Every structure is written in structure tokens, then in C-alpha cells.
Amino acid sequence: QVQLVESGGGLVQAGGSLRLSCAASGVIFSINTMGWYRQAPGKQRELVAHITSGRSTNYADSVKGRFTISRDNAKNTVYLQMNKLKPEDTAVYYCNAYISSGGSGYYTGYWGQGTQVTVSS
């Protein structure tokens, strides 16, 4: 099976920075798109950023210019560098990845358990 394990969340003051990491492990043949989502209390889960296998990126308007997504294919890991954090960035951040465990070209979506990011004003 496949697991995604996030790390790097925590409490930070407004204007500060955090770096999230998400490592995939298990039976992995290849990884397609990887991404980060977040869910604040009382709100729906929303896309923060994603990165394709070719390293094309896409960001939510609310984080453009402040967050940077990257990936290390050798480590099956995706990162989210978050700068100039704002209180409205407070949420549980979830990693998502589409992973193939064989050579069939079929990819399954997996989620991490989530990591809390809290930004104080």
C-alpha cells in the first residue's frame, strides 16, 4: 500500500514562514501530480497548490507570490514553502498525490493525515 506522511506544521506569527513536507512511501512505480490542500474550521477543503510530474505549478490566488511548491522525485516528496503567512492561512494542510503502484498507467489518489498550521496575529 501507499502512505503519505506530512510534517512541518506548527504555530507561527503573522509574517513568518513554515515549510511543509510530504513523503510518499510503499509500493510506488510513479507519481503524477502532487499537491497541497487546506481546510479551515467551518470551510470546505480548498486547493493551495499543485505540481505536475513535469514540474508545472498552479497556485490559489490567495497564496500566489507567498507560497512555493516543489518536489524531489528521488525522495517521492513534495514541499510547500510558506512565506509572509497571514492569520487567514490558519488551517489543516493536507498532502495529495496520484500514484501508480504498477506499470499499467492507472493512478490512484492518496491523502495524507493532515498537519495543523496556525498563524497568530
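Peer 1: I'm lost on the packing of aromatic side chains in this one. Help?
Peer 2: Geometrically, a pair of aromatic rings is defined through the distance of the ring centres and the angle of the planes. This structure, assessed with the given rule, holds one aromatic pair. Where tyrosine 37 meets tryptophan 111, the ring centres are 5.0 Å apart and the plane angle is 65°; that geometry is what we call edge-to-face. A residue pair is termed long-range when its members are at least 10 positions apart, and tyrosine 37 in strand S4 (residues 30–39) and tryptophan 111 in strand S10 (residues 108–111) qualify at 74 residues. Judged by its relative accessible area of 23%, tyrosine 37 falls in the partly exposed class.

Peer 1: Hey, could you run me through the nonpolar core in this one?
Peer 2: Generally speaking, nonpolar side chains in soluble globular proteins are found buried as a group. Of all hydrophobic cores here, the largest spans 31 residues; its most connected members are Trp36, Leu80, Met82 and Tyr93. Counting residues per element, the ones that place at least two in this core are strand S1 (2–7), strand S3 (18–26), S4, strand S5 (46–51), strand S7 (67–72), strand S8 (77–82), strand S9 (91–100) and strand S11 (115–120). Among the elements that take part in this core, S9 stands out by supplying five residues, more than any other.

About the thresholds
Residues numbered from 1 in each chain as written. Predicted model: local features only at pLDDT ≥ 70, side-chain atom pairs only at ≥ 80, totals over all residues. Heavy atoms only, no water. Phe/Tyr/Trp six-rings, centres within 6.5 Å; stacked < 30°, edge-to-face > 60°. Helix = DSSP H or I, 4+ residues; strand = E, 2+ residues; numbered from the N terminus. Buried < 20%, exposed > 50% of the residue type's maximum accessible area, 1.4 Å probe, protein only. Core = buried A, V, L, I, M, F, W, Y, C linked by side-chain atoms within 4.5 Å.

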